[in-house]
Amino acid sequence: MKLTDDQQALVDAQDSLFAAACPGAGKTRAMVARFLKRTAEEGRRGIALISFTNAAVDEVRRRCGNQVEALRARA
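Computed from a predicted model, the values in this text were never measured in an experiment.

S.K.: Can you lay out the environment of Leu 17 for me, pointing to particular residues and giving the numbers?
M.R.: When you line up the elements, Leu 17 lands in the loop between helix H1 (5–12) and helix H2 (27–41). Note on Leu 17: relative accessible area 32%, which makes it partly exposed. Here Leu 17 is in contact with Leu 10, Met 31 and Arg 34, once residues within four sequence places are set aside.

S.K.: Describe the side chain of Thr 39, naming the residues involved and giving the relevant values.
M.R.: Mapping Thr 39 onto the fold places it in helix H2. Thr 39 sits in the buried class, given a relative accessible area of 9%. At 3.2 Å, the side chain of Thr 39 and the backbone oxygen of Leu 36 are in polar contact.

S.K.: Run through the nonpolar core, naming residues and quoting values.
M.R.: By size, the foremost hydrophobic cluster in this structure holds six residues: Val 32, Phe 35, Leu 36, Val 60, Cys 64 and Ala 70. If you tally residues by element for this core, the top one is H2, at three residues.

S.K.: Summarise the pattern of salt bridges; cite the residues concerned and give the values.
M.R.: Considering all chains together, one arrives at four salt bridges under this definition. Here Asp 12 makes a salt bridge to Lys 37, at a shortest N to O gap of 3.0 Å. On the criterion of sequence distance, the pair formed by Asp 12 in helix H1 and Lys 37 in helix H2 is long-range, its members being 25 residues apart. A relative accessible area of 35% means that Asp 12 is categorised as partly exposed. Between Arg 61 and Asp 58 there is a salt bridge, and its shortest N-O distance comes to 3.8 Å. Here Arg 61 pairs with Asp 58, and both are found in helix H3 (residues 54–64), just three residues apart, close to one helical turn. On the basis of relative accessibility, which here comes to 52%, the residue Arg 61 falls in the exposed class. Through salt bridges with shared partners, a single network forms among Glu 59, Arg 62 and Arg 63.

S.K.: An account of the packing of H1 against H2 is requested, with residue identities and associated values reported.
M.R.: Relative to each other, H1 and H2 sit at 35°, their axes nearing to 8 Å. Note on packing geometry: the crossing formed by H1 with H2 is right-handed. Of the residues in H2, those in contact with Gln 7, Leu 10, Val 11 and Asp 12 of H1 are Arg 29, Ala 30, Met 31, Ala 33, Arg 34 and Lys 37. Residue classes in the contact of H1 with H2 are distributed as five nonpolar, one polar and four charged.

What counts, and at which threshold
Residues numbered from 1 in each chain as written. Predicted model: local features only at pLDDT ≥ 70, side-chain atom pairs only at ≥ 80, totals over all residues. Heavy atoms only, no water. Helix = DSSP H or I, 4+ residues; strand = E, 2+ residues; numbered from the N terminus. Buried < 20%, exposed > 50% of the residue type's maximum accessible area, 1.4 Å probe, protein only. Contact = heavy atoms within 4.5 Å. Polar contact = N/O pair within 3.5 Å; in protein donor to acceptor, adjacent residues only side chain to side chain. Core = buried A, V, L, I, M, F, W, Y, C linked by side-chain atoms within 4.5 Å. Salt bridge = Lys/Arg side-chain N within 4 Å of Asp/Glu carboxyl O. Axes fitted to C-alpha atoms, helices over the stretch in contact; angles between N-to-C directions. Left-handed = near helix turned anticlockwise from the far one by under 90°. Nonpolar A, V, L, I, M, F, W, Y, C, P; charged D, E, K, R; others polar.

Here it is as structure tokens:
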């Protein structure tokens with residue numbers, strides 16, 4: 001998946017962040033890429049993604065669907 005420079009900056013950010021942009025700007029694509037990168041790199045028990053809509057949560061789940069380990073909380 002090819003990301004724009006702005007999307008890649010979101011993926012690579014070290015701190016927690018809030019992403020606000022117009023519809024179709026690629027927020028979900030960037031957040032999924034960030035989530036998958038962080039779950040692969042960090043041995044945490046979980047990483048939270050918070051959204052104002054169930055549709056966005058469902059879309060993240062759909063896009064991560066083939067990477068079951070990323071969605072499973074670690075003990």
